[in-house]
Amino acid sequence: MSTDVTTPVPAATPAPGPDRPGRRERFALLRSRADTKVSPYAYIAPFFVLFGIFGLYPLVYTAWVSLHDWELASAEHPWSGLDNYRQLVTDPVFWNALGNTAGMFVLATVPQLALAMFLASLLNRRLRGRTFFRLSVILPMATSVAAVSIVFSQLFSRDFGIINWVLGGVGVHPIEWQATKWSSWSAIALMVNWRWTGYNALIYLAAMQAIPRDLYEAAALDGAGAWKQFTKVTVPLLRPTILFTVIISTIGGFQLFTEPLLFNSGSSNYQGGSLRQSQTLAMYVWENAFVKFDFGYASAVAWVLFLIILVASALNFLAVRRLGGKD
Amino acid sequence: MIRASSLRRRGPAALGAGLAAVLVAATACGGGDDGSASASGGGKVALTVNVFGNFGYEQLYKQFEAAHPNITITERGTGSDLSNYTPALTKNLAAGSGAGDVVALEEGIMIQFKEQAQNFVDLGQYGGNDDRSNFLPWKFAGGQSADGTKLIGLGTDVGSMGMCYRRDLFAKAGLPTDRDAVGKLWPTWDDYVTVGEQFKAKNTGAKWFDAASNTYNTILVQTAGKDPGYTYFDKSNALVIDSNPVIKQAYDRMLGMIGDGLSAGYKSFSDQWNAGFKQGTFATIACPAWMLGYIQGQAGTANKGKWDVTTAPGGGGNWGGSWLAVPTQSKHPKEAAELVRFLTSPTGQVAAFKAVNNLPSSPAALDDPALQSFTNPYFNNAPVGQIFGTGAKQLQPVYFGPKNQVVRDAVENTLLAVQQGQLKPADAWAKAVKDAQQAAK
């Protein structure tokens, strides 16, 4: 196509004067073509440049570091191939952290999204003071995670916590919430749920409001009750939104760090309890990098964490796609 | 900490905000560089001092600035704990920028920083060796590099040991409250346990001591100081947890105390431990000199006069104490070294003691009448200068290996697990040894 445009040019050389408009046209044509083909890339370039610097480069560099025996303080970082990854496979602390992370992820995500869906369907009705309720559900998100964790640690305190006080009222002995897996996981999951349920509820609400009302009318005419309408109309149409929240929750859940760290306040809090009852993978990365200063091993754990998040997201993606039937 | 949390569940809007923050940070850095460059050009020197906890230097900074009108001093990290301070300092040293002109190094982490002696200025070049007689001999030696050729740090304080106790709880249990009489109750740790059992029998609602980890560590460091002079690592940095008898002795003694129900079962430095000071959930706590300021901060003014301090069972011991050093990345090593020599001088140490009770490592400061006569009004006017100062000169240094902190954490966590009922006392020692070996790798 471009040759068609350029071929007339040599033929026009004997008469330079009249040729000028042709050249200008050609330039304008090139420019407009460049405008449509190239400028979109220029518009999105700032993101990719910054992503390259702050996202891709650290990712690749971490992979590079993970292939070395990389102690922060030592001057030499000899190549060690896959040694760090081999060590990781047989490291019981790593597997413990993985189990904790997955356990807390399930405890924190499943009730959270179910509750968010329930809240959203309530907020989607004609309520008095609707805006007030809609705003109040995202209030927890506006508080700092450190403040949330400190308040919850107080609530779950063994000696003076409200929760043990209430349980004491019905004859339960004071529970030391940090001491066992189930109790520490539940407490931490509760913090996460409290903080993020409203956020997901608002996302569901926005999607619900985009569903045309006549679909519900048609369903009602066909004899579908509220539950049927919910499962056959709402959920299938919300599927892309649910997918989004599940993926985002997976990424967030597997990176869980601040809540368990502050919940286990005190010496060696990065270990997540006396027997590492609630140490997550992100905490284990931190322990290796900034307590043991073994950056090589920490990078290997970080990379495996990244791969786990990818796999978990993909599995969730497939699972949610099956939700409510096929497209 | 903050970084990981801010990565959680944000959409594109947060990305925009993040980018904006990056740009702001980038421009802020640029501004900072310009600022310091012009500052040194104009003959002004800005020194930064990085500390953890509280060194009590405010007045000393003012004196130094008054004597050196071209120097301004900023302190960073006041009140932070070692577990945040150490990683940040390690990163800054490795990165070659960001550390202060003067940095504090605590005894437990000193060895690990001595291994990177190249990152620190030799204070000997700035007259530091002339100060040798200002310090207890082992404290001065502790600031030298492994081969003794380089002076990395000058000593600040030592962690002479006392025992703090709640007068009101002692009265409630029918025990003496006068500090001399209380000190006579427990010449040895066996006596301490016996009195603890008497206290427990009176059902005051409080436990005898705060946490297994603290008391265990106090006993360990005290006995190790007498012989063989090291704890988990011998002087060639080999892990000796299963062959150094003082460790198992201290550990078994602590298992016994937990079994007797004497421990309040806290994790040290946790929120609940902090609340325990205020609520009076334990009657005694082993307290190095620097702990007094911590207790006062946690128990608060409402409990003024309820706490008192006396001599520790087993006679003295050392836990804690620090050095000041100048990283090579400092742009003003000469002025920084001068500040270090000023802060660690006998007069500087007495001033720091008066401010926050950090016990001097200087014999002259320990003999200073101002220190000997110093009483702490919060602790019922206890003569803390005398209690901690007496015997400080006889303190024996304990050697800690470069991985001391992680091994200590591993061992003390097994004691915490026993307190929580999650680990059988019979299995605890084997797990402690195994975890320590894992941590020392």
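Residues numbered from 1 in each chain as written. Chains lettered and ligands numbered in written order. Predicted model: local features only at pLDDT ≥ 70, side-chain atom pairs only at ≥ 80, totals over all residues. Heavy atoms only, no water.

Notes on a nonpolar patch on the surface
Here comes step 1: A cluster of nonpolar side chains, namely Tyr41, Tyr43, Ile44, Phe47, Phe48, Phe51, Leu56 and Val60 of chain A, defines an oily patch on the protein surface of about 880 Å² accessible area.
Here comes step 2: A relative accessible area of 42% places Ile44 of chain A in the partly exposed class. (Patch = residues over 30% accessible without salt bridge, like charges linked within 9 Å, V, L, I, M, F, W, Y side chains within 5 Å. Areas by Shrake-Rupley, 256 points an atom, 1.4 Å probe, with all protein chains shown as cover. Salt bridge = Lys/Arg side-chain N within 4 Å of Asp/Glu carboxyl O. Buried < 20%, exposed > 50% of the residue type's maximum accessible area, 1.4 Å probe, protein only.)

Here we look at empty space enclosed by the protein
Residue and element names in this part refer to chain B.
Here comes step 1: With the rule as written, the count across this model stands at 3 cavities of 30 Å³ or more.
Here comes step 2: Counted as a void, the largest cavity has a volume near 100 Å³.
Here comes step 3: Together, 13 residues line the largest cavity, and Ser213, Lys267, Glu412, Asn413 and Leu416 are the ones closest to its centre.
Here comes step 4: At the level of elements, α10 (212–226) and α19 (404–419) are the ones that each hand at least two residues to the lining of the largest cavity.
Here comes step 5: At 6 residues, α19 tops the list of elements feeding residues into the lining of the largest cavity.
Here comes step 6: Along the lines of polarity and charge, the residues of the lining of the largest cavity split into 4 nonpolar, 6 polar and 3 charged.
Here comes step 7: There is about 60 Å³ of room inside the second largest cavity. (1 Å grid on protein atoms, 1.4 Å probe; cavity = no way out; pocket = protein on both sides within 12 Å on 5 of 7 lines; lining within 4 Å. Points joined across faces, edges and corners; volume = space filled by probe spheres on them. Helix = DSSP H or I, 4+ residues; strand = E, 2+ residues; numbered from the N terminus. Nonpolar A, V, L, I, M, F, W, Y, C, P; charged D, E, K, R; others polar.)

What about helix α11 (residues 245–259) of chain B?
All names here are of chain B.
Here comes step 1: Compared with the 21 Å implied by 1.5 Å per residue over 15 residues, the 21 Å span of α11 between its first and last C-alpha is a close match.
Here comes step 2: All of the buried residues along α11 are Val246, Ile247, Ala250, Tyr251, Met254, Leu255, Met257 and Ile258.
Here comes step 3: Structurally, α11 contributes buried residues whose contacts are with α9 (189–201), β7 (207–209), α10, α19 and α20 (425–440).
Here comes step 4: Looking at the residues trailing α11, positive phi occurs at Gly261, about 75°. (Expected span 1.5 Å × (residues − 1). Contact = heavy atoms within 4.5 Å.)

A look at the side chain of Asp131 of chain B
Here comes step 1: Looking at the secondary structure, you find Asp131 of chain B in the loop between α5 (107–114) and α6 (137–142).
Here comes step 2: Apart from residues no more than four positions distant in its own chain, Asp131 of chain B is found in contact with Leu154 and Arg341 of chain B.

Focus on the confidence of the model for chain B
Residue and element names in this part refer to chain B.
Here comes step 1: Of the residues in chain B, 90% reach a pLDDT of 70 or more, and the chain-wide mean stands at 87.
Here comes step 2: Element-level pLDDT for chain B is lowest in helix α1 (residues 2–6), with a mean of 36, against a maximum mean of 97 in β7.
Here comes step 3: Every residue in residues 1–41 is under pLDDT 50, and counting partners more than four places away or in other chains gives 33 contacts.
Here comes step 4: Among the scores for the predicted complex, ipTM is 0.80 and pTM is 0.82. (pLDDT = per-residue confidence, 0-100.)

Re the interface of chain B and chain A
Here comes step 1: Tallying the contact residues gives 40 residues for chain B and 50 residues for chain A.
Here comes step 2: When the two sides are added together, the surface that chain B and chain A hide from each other amounts to roughly 3,900 Å², 57% of it contributed by carbon and sulfur.
Here comes step 3: For the pair chain B and chain A, the interface holds 0 salt bridges.
Here comes step 4: Linking chain B with chain A are 14 residue pairs in polar contact (both at pLDDT 80 or more), by the criterion used here.
Here comes step 5: For the side of chain B that touches chain A, the secondary structure elements donating two or more residues are α1, α2 (12–41), α4 (82–95), α12 (271–279), α19 and α20 of chain B.
Here comes step 6: Element by element, the count of residues in the side of chain B that touches chain A is highest for α4 of chain B, at 6 residues. (Buried area = accessible area lost by both parts, 1.4 Å probe. Polar contact = N/O pair within 3.5 Å; in protein donor to acceptor, adjacent residues only side chain to side chain.)

Let's talk about unusual backbone geometry
Here comes step 1: With omega at 10°, the peptide bond leading from Asp227 of chain B into Pro228 of chain B counts as cis.
Here comes step 2: With respect to the secondary-structure elements, Pro228 of chain B resides in the loop between α10 and α11.
Here comes step 3: Not every positive phi belongs to a glycine, and Phe293 of chain A is a case in point at roughly 55°.
Here comes step 4: Note on Phe293 of chain A: relative accessible area 10%, which makes it buried.
Here comes step 5: A positive phi angle, close to 55°, is found at Asn381 of chain B, a residue other than glycine.
Here comes step 6: Within the secondary structure layout, Asn381 of chain B lies in the loop between α17 (369–372) and α18 (384–389).
Here comes step 7: Take Asn381 of chain B: its relative accessible area is 47%, and that puts it in the partly exposed class.

A look at the sheet that holds strand β3 (residues 102–106) of chain B
Residue and element names in this part refer to chain B.
Here comes step 1: The mixed open sheet is built from 5 strands, whose spatial order is β2-β1-β3-β10-β4. For this open sheet the edge positions go to β2 (71–76) and β4 (153–155), each flanked by a neighbour on one side alone. Across the sheet, the mean angle from the axis of one strand to that of its neighbour is 25°, orientation sign disregarded.
Here comes step 2: In terms of strand pairing, β4 meets strand β10 (residues 322–325) through 3 bridges, oriented antiparallel. Bridge pairing in β10 links Gly155 to Trp323. (Pairing = 2+ DSSP bridges. Axes fitted to C-alpha atoms, helices over the stretch in contact; angles between N-to-C directions.)

Notes on the nonpolar core
All names here are of chain B.
Here comes step 1: By size, the foremost hydrophobic cluster in this structure holds 81 residues, and its most contacted members are Trp208, Tyr216, Tyr232, Tyr251, Met257 and Val411.
Here comes step 2: If we ignore the near neighbours within four places in the chain, the residues touching Tyr232 are Tyr216, Leu220, Ala238, Leu239, Val240, Ile241, Ile247, Asn404, Val407, Arg408 and Val411.
Here comes step 3: Formed by 42 residues, the second largest nonpolar core is a distinct cluster that contains Phe55, Tyr61, Leu105 and Ile109. (Core = buried A, V, L, I, M, F, W, Y, C linked by side-chain atoms within 4.5 Å.)

Thoughts on the domain arrangement of chain B
All names here are of chain B.
Here comes step 1: For chain B, the domain assignment lists domain 1 (18–158 + 321–375) and domain 2 (160–318 + 397–439).
Here comes step 2: The C-alpha-based centres of domain 1 and domain 2 are spaced at 30 Å.
Here comes step 3: Tallying the contact residues gives 11 residues for domain 1 and 12 residues for domain 2.
Here comes step 4: Summed over the three residues of domain 1 that lose the most area to domain 2, namely Glu107, Ile111 and Trp138, the buried surface amounts to 40% of that side.
Here comes step 5: In this structure, the connection of domain 1 to domain 2 is made through 0 salt bridges.
Here comes step 6: On the surface where domain 1 and domain 2 come into contact, there are 2 residue pairs in polar contact (both at pLDDT 80 or more). (Domains from an automatic or database assignment.)

So, the state of the cysteines
Residue and element names in this part refer to chain B.
Here comes step 1: Following the criterion strictly, the structure yields 1 disulfide over all chains and no others.
Here comes step 2: Each sulfur in the disulfide pair Cys164 and Cys287 lies 2.1 Å from the other. Judged by the sign of its S-S torsion, about 90°, the cystine formed by Cys164 and Cys287 is right-handed. With Cys164 in strand β6 (residues 161–166) and Cys287 in strand β8 (residues 282–288), the pair connects residues that are 123 residues apart, well separated along the chain.
Here comes step 3: Residue class for Cys164 comes out buried when judged on its relative accessible area of 0%. (Disulfide = S-S within 2.5 Å.)

Things to note about the pairing of strand β1 (residues 45–50) of chain B
Residues and elements named next belong to chain B.
Here comes step 1: Of all the 6 residues making up β1, 5 are buried; the element is thus mostly covered by neighbouring parts of the structure.
Here comes step 2: Strand direction decides the pairing type here: β1 and β2, joined by 6 bridges, are parallel. Of the residues in β2, the one forming a bridge with Ala46 is Thr72.
Here comes step 3: Handedness of the β-α-β unit built from β1, helix α3 (residues 58–67) and β2 comes out right-handed.
Here comes step 4: Two strands pair when backbone bridges link them, and β1 and β3 are joined in this way by 2 bridges, in the parallel orientation. Bridge pairing in β3 links Val49 to Val102. (Right-handed = clockwise from strand over helix to strand, strands pointing away.)

Considerations on the pattern of salt bridges
Residues and elements named next belong to chain B.
Here comes step 1: All told, the structure shown has 14 salt bridges over all chains when counted by the stated rule.
Here comes step 2: Between Arg179 and Asp308 there is a salt bridge, and its shortest N-O distance comes to 2.9 Å. On the criterion of sequence distance, the pair formed by Arg179 in helix α8 (residues 179–185) and Asp308 in strand β9 (residues 307–311) is long-range, its members being 129 residues apart. Exposure class is identical for Arg179 and Asp308. Each is buried.
Here comes step 3: Put simply, Asp252 and Lys248 hold a salt bridge, and the shortest N to O gap is 2.9 Å. Remark: Lys248 and Asp252 occur in helix α11; sequence separation between them is 4 residues, near one turn of the helix.

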